[in-house]
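Okay, here's what each chain looks like letter by letter:
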Number of protein chains: 2
Amino acid sequence: MSTSSTRTELSALGEFGLIERIASRVQLSQKSSLRGIGDDAAVIDPEALHQVITTDMLVEGVHFDLSYVPLRHLGYKAVVVNLSDVYAMNAQPRQITVALALSNRFPLEAIDELYDGMLLACKKYGVDIVGGDTCSSRSGLIISITAIGAVQKEKITYRNGAKDGDLLVVSGDLGGAYMGLQILEREKAVFQGTPNAQPDLSGHDYILGRQLKPEARKDVIDMLQELKLQPSAMIDISDGLASEAMHLAHKSGLGVKLYEEKIPTDPTTISTAREFNLDPTMCALNGGEDYELLFTIAQNDFEKVKGSPHFSVIGHMTDKADGYQLIDRQGGQHELKAQGWDAFLKK
Amino acid sequence: MSTSSTRTELSALGEFGLIERIASRVQLSQKSSLRGIGDDAAVIDPEALHQVITTDMLVEGVHFDLSYVPLRHLGYKAVVVNLSDVYAMNAQPRQITVALALSNRFPLEAIDELYDGMLLACKKYGVDIVGGDTCSSRSGLIISITAIGAVQKEKITYRNGAKDGDLLVVSGDLGGAYMGLQILEREKAVFQGTPNAQPDLSGHDYILGRQLKPEARKDVIDMLQELKLQPSAMIDISDGLASEAMHLAHKSGLGVKLYEEKIPTDPTTISTAREFNLDPTMCALNGGEDYELLFTIAQNDFEKVKGSPHFSVIGHMTDKADGYQLIDRQGGQHELKAQGWDAFLKK
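Residues numbered from 1 in each chain as written. Chains lettered and ligands numbered in written order. Predicted model: local features only at pLDDT ≥ 70, side-chain atom pairs only at ≥ 80, totals over all residues.

> I tried to follow the overall build of chain A on my own but got confused; where do I start?
The helix and strand tally for chain A stands at eleven helices and 13 strands. With the C-alpha coordinates aligned to their principal axes, the bounding extent of chain A is approximately 65 × 60 × 30 Å. Taking all 347 residues of chain A together, 54% fall into the buried category. Contacts spanning at least 24 positions in sequence make up 84% of the contacts within chain A whose residues lie at least 6 apart. (Helix = DSSP H or I, 4+ residues; strand = E, 2+ residues; numbered from the N terminus. Buried ≥ 20, exposed ≤ 12 C-beta atoms within 10 Å, placed from the backbone. Contact = placed C-beta atoms within 7 Å.)

> Please explain the confidence of the model for chain A as it appears in this structure.
Caution is warranted with low-pLDDT regions, since their predicted coordinates should not be read in detail. Overall, the predicted model of chain A reaches an average pLDDT of 92, with 96% of residues at or above 70. The complex prediction reports pTM at 0.93, with the ipTM value standing at 0.92. (pLDDT = per-residue confidence, 0-100.)

> Explain helix α5 (residues 205-212) of chain B to me, please; I cannot follow it from the model alone.
Every α-helix winds through 3.6 residues per turn, so residues three or four apart in the chain are directed the same way. All names here are of chain B. Inspection of α5 places Ile207, Leu208, Arg210 and Gln211 among the buried residues, and these make up the whole buried set. Down the axis of α5, the smallest arc covering the buried residues is 155°, so these residues share one side. Next to the buried residues of α5 lie α4 (176-193) and α8 (267-275). (Arc of directions from axis to C-beta.)

> Mind showing me how you'd approach the domain arrangement of chain A here?
Accessible area lost upon the coming together of the parts is a frequently used measure of interface size. All names here are of chain A. The assigned domain composition of chain A is domain 1 (10-155) and domain 2 (167-346). Opposite the 17 residues of domain 1 that make contact, domain 2 presents 18 residues. The dominant element in the side of domain 1 that touches domain 2, judged by the number of residues it contributes, is helix α2 (residues 71-87), at nine residues. A per-class count over the side of domain 1 that touches domain 2 returns nine nonpolar, five polar and three charged. (Domains from an automatic or database assignment. Nonpolar A, V, L, I, M, F, W, Y, C, P; charged D, E, K, R; others polar.)

> How do you make sense of the environment of Gly203(B) when you look at a structure like this?
When you line up the elements, Gly203(B) lands in the loop between α4 and α5. Through-space distance from the C-alpha of Gly203(B) to that of Thr272(B) is 9.9 Å; in sequence the pair is 69 residues apart.

> Help me out: how do you make sense of the interface of chain A and chain B in this one?
At the interface, 47 residues of chain A touch 47 residues of chain B. Elements with a contribution of two residues or more to the side of chain A that touches chain B: β2 (42-44), β3 (50-59), α2, β4 (92-102), β5 (128-136), β6 (141-151) and β8 (233-236) of chain A. In terms of residue count, the dominant contributor to the side of chain A that touches chain B is β3(A) (nine residues). Counted by class, the side of chain A that touches chain B contains 22 nonpolar, 15 polar and ten charged residues.

> What am I meant to see in the relation of the copies chain A and chain B here?
The two chain copies are related to each other by a rotation about an axis together with a translation along it. Screw-axis analysis of chain A against chain B gives a translation of 0.0 Å along the axis, an RMSD of 0.0 Å, and a rotation angle of 180°. Taken together, the turn and the small shift mark the pair as related by a two-fold rotation axis. The fraction of interface residues of chain A whose copies in chain B are also interface residues reaches 100%, indicating that both copies meet through the same surface. (Least-squares fit on C-alpha atoms with pLDDT ≥ 70 in both.)

> Which parts of the structure should I look at to understand the sheet that holds strand β3 (residues 50-59) of chain B?
In a beta sheet, neighbouring strands are held together by backbone hydrogen bonds and run either parallel or antiparallel to one another. Within the open sheet, the six strands sit side by side as β1(A)-β2(A)-β3(B)-β6(B)-β4(B)-β5(B). Their pairing is mixed. Two strands close off the open sheet at either side, each with one partner strand: β1 (33-35) of chain A together with β5 (128-136) of chain B. Averaged over all pairs of adjacent strands, the angle between their axes in this sheet comes to 20°, without regard to strand direction. Most of the contacts of helix α2 (residues 71-87) of chain B go to strand β6 (residues 141-151) of chain B, to which it runs at about 35°, and overall it touches β3, β4 (92-102) and β6 of chain B. (Pairing = 2+ DSSP bridges. Axes fitted to C-alpha atoms, helices over the stretch in contact; angles between N-to-C directions.)

> Before we go on, may I ask you to explain the packing of α4(B) against α5(B) in this structure?
Two packed helices can be described by the angle between their axes and the distance between those axes. All names here are of chain B. Relative orientation of the contacting elements α4 and α5 amounts to 100°, with a least axis distance of 7 Å. With respect to α5, the element α4 is oriented roughly perpendicular. Along its contact with α4, which presents Gly176, Ala177, Met179, Gly180, Leu181, Ile183 and Leu184, the element α5 presents Tyr206, Ile207, Leu208, Arg210, Gln211 and Leu212. (Parallel < 35°, antiparallel > 145°, perpendicular 65-115°, else oblique.)

> I tried to follow the packing of helix α1 (residues 10-25) of chain B against helix α3 (residues 108-125) of chain B on my own but got confused; where do I start?
Residue and element names in this part refer to chain B. Closest axis-to-axis distance for the α1/α3 pair is 11 Å, and the angle between their directions is 15°. By the criterion of interaxial angle, the relationship of α1 to α3 is roughly parallel. Viewed along their axes, α1 and α3 form a crossing whose handedness is right-handed. Residues Leu10, Leu13, Ile22 and Arg25 of α1 pack against Leu108, Tyr115 and Leu119 of α3. (Left-handed = near helix turned anticlockwise from the far one by under 90°.)

> What am I meant to see in the sheet that holds strand β8 (residues 233-236) of chain B here?
All names here are of chain B. As summarised here, the arrangement of the seven strands in space is β8-β10-β7-β11-β9-β12-β13, forming an open sheet in which the pairing is mixed. With one partner strand each, in any of the chains shown, β8 and β13 (333-335) form the two edges of the open sheet. Ignoring strand direction, the axes of neighbouring strands in this sheet form an average angle of 25°. Pairing analysis gives four bridges linking strand β7 (residues 167-171) to strand β10 (residues 293-297), with the strands arranged antiparallel.

> What am I meant to see in α8(B) here?
Residue and element names in this part refer to chain B. Turning to α8, its buried residues are Thr269, Ile270, Thr272 and Ala273. Tucked into the core, α8 has its buried residues touching α4, α5 and α9 (280-286). Of the residues one or two after α8, Asn277 is the one with positive phi, at around 60°.

> What is the right way to look at the pairing of β5(A) in this model?
Side-chain positions along a regular strand alternate between the two faces of the sheet. Residue and element names in this part refer to chain A. When β4 meets β5, the two strands line up parallel, connected through eight bridges. In the strand pairing of β5, Ala101 is matched with Cys135. Crossover β4 to β5 through helix α3 (residues 108-125) is right-handed. (Right-handed = clockwise from strand over helix to strand, strands pointing away.)

> When you look at the pairing of strand β11 (residues 311-318) of chain A in this model, what are you seeing that I'm missing?
Residue and element names in this part refer to chain A. Most of β11 is tucked away, with six of its eight residues classed as buried. When strand β7 (residues 167-171) meets β11, the two strands line up antiparallel, connected through five bridges. Counted as the bridge partner of Val170 is Ser312 from β11. Examined bridge by bridge, strand β9 (residues 255-259) and β11 share four bridges and lie antiparallel to one another. Each bridged residue has a counterpart across the sheet, and for Val256 the counterpart in β11 is Met317.

> Please clarify how the environment of Gly315(A) should be interpreted in this entry.
Residues and elements named next belong to chain A. Summarising the element assignment, Gly315 is placed in strand β11. What makes Gly315 buried here is the crowd of 25 C-beta atoms within 10 Å. Between the alpha carbons of Gly315 and Ile270 there is a distance of 21 Å; along the sequence they are 45 residues apart. Among residues more than four places away in sequence, those in contact with Gly315 are Leu168, Val256, Lys257, Leu258, Tyr259 and Lys262.

> Got a minute to help me understand the environment of Pro199(B) in this structure?
Residues and elements named next belong to chain B. Position of Pro199 relative to the elements: it lies in the loop between α4 and α5. On a C-alpha basis, the gap between Pro199 and Leu184 in space is 8.6 Å, while along the polypeptide they are 15 residues apart. Excluding its chain neighbours within four sequence positions, the residues that come into contact with Pro199 are Glu187 and Phe191.

Put into structure tokens, the structure is as follows:
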């Protein structure tokens, strides 16, 4: 679990020793972070901005598998996943709190590695760890992170603001994180069958990175600001494009029409999907964990995103009565579903 | 685990069904809660106040034992514990987020009971549940709550503001929650030896209430406001008076002197402690979970708390060189310790 050869039991430090060790590694960089770890609560100066807040819990054996996820990557990803939710409100994350429960199989060095990853993400995104809790668990590792962000009231972007006719836009490309997971699961199965086998991860750097070290799209929020582009609705893609597009439509009281040929997928995602006998479109629609941003814009904002390598217009919002539709490459119309892609595959 | 005879598996609802069920039970009462459950993040209007934020994680088998803690009480206490940290900053809690991980031994009815308790606490303290996460665990129940509060900048009360000579004041009485726990542990042991035995909890209502359904001292914060009393430092008592008094002293770069005879203890705490052959003072100093507020005030504010049934002046801050002292009823001086009370007991 740890790359270090030293093993220090947590009991040797005690709770306060551990808090002091963590506190000593954390530096506050945000002017709005008035007080961090070490009091009953952290103190934040909102600086006349609205605050957004989001929480995610990650459970070992449910959300991650430490047999192939290094703790450093896990820490990084745990932070990024939360920041992604803040960006999806068109807000800038500023603070996080971190609650950890660990069984006694984790030495101090494991916590250090987890914090290495969390602090790396915090540094990259300009976020402060201002508080938290570290305690024992009976089994495994549980991480609960709460992120706070700030935003001007008029820029807040909810899921329910889309209008009929708005264009549906997605950042980056989709399906890569899911294919990265397939590679990792395959190599784990090989390893379990033949413990001396070396995992074959070559040629899969991009999709492995998408799975193991995802990034939140801060750059997209910055671009929207530069483009003076206010999305009417926005969500981040954690569960897959289909599910998130349907959330935007449902919350906005609309239907949505997606075009398969417009869905951005990386060439390595496509080739790996083929290798696994999977449909790349299915991976993009239902794979999840891509942490791209999906948003709607007014039609007369089209010029602002047209031709951008960062954005793909993949469909548009419709009247509610039209439901959730996927138009395939041949022009065939299918009902969009969040799970059970089978109906489409069988046609 | 559930008092209801119905058992509905969580898998029958699915993740989104569960979120919608929880969302339907939650109502926003705070004007500052602009958006609650159901978007990528909740949105809070700080209304020109500073925000405080605190997180606690509770793990089954580590922090609570469901063999004698009803889920409703657990939910109530999980919220109260967090609010207590907000009050300890002299702030008013306004929002919480709730992250839950549960194994499949918990049916939907168990989540409902847990939320019953959480919502009861939220209603009592005027706090909104604005977000969260519910997921699977491999074993047991884990609850992570983050509380947000609001406070005017000049009223924020840190742990490190105490001055040499300041009076040390505590609200309520101490040691009761610890004695309640002893009763529960004793009856559990009896029950395990003789499964048909009825637990004997009679006559222990007060201390059982202190353990099972603690309250956070919102009333104290309101009183401080009415008294125009600004504490120089404050902390809530979760780990025991000794530990918390030492925190205030350490953070403020001071020493502290505590008088045993001034420590407030309820008569039933004293009688139960005697029954268990425990020193009531030890229970107050090291028992923990009382969730009273411990704060320091300037000497010339003494008149504001003098004679109040809610406050006890139990000591004062000293020069750092004087260390942490406990003066016993006979005037003997002892080094105050956060744990290992043995040294004092042996004298």
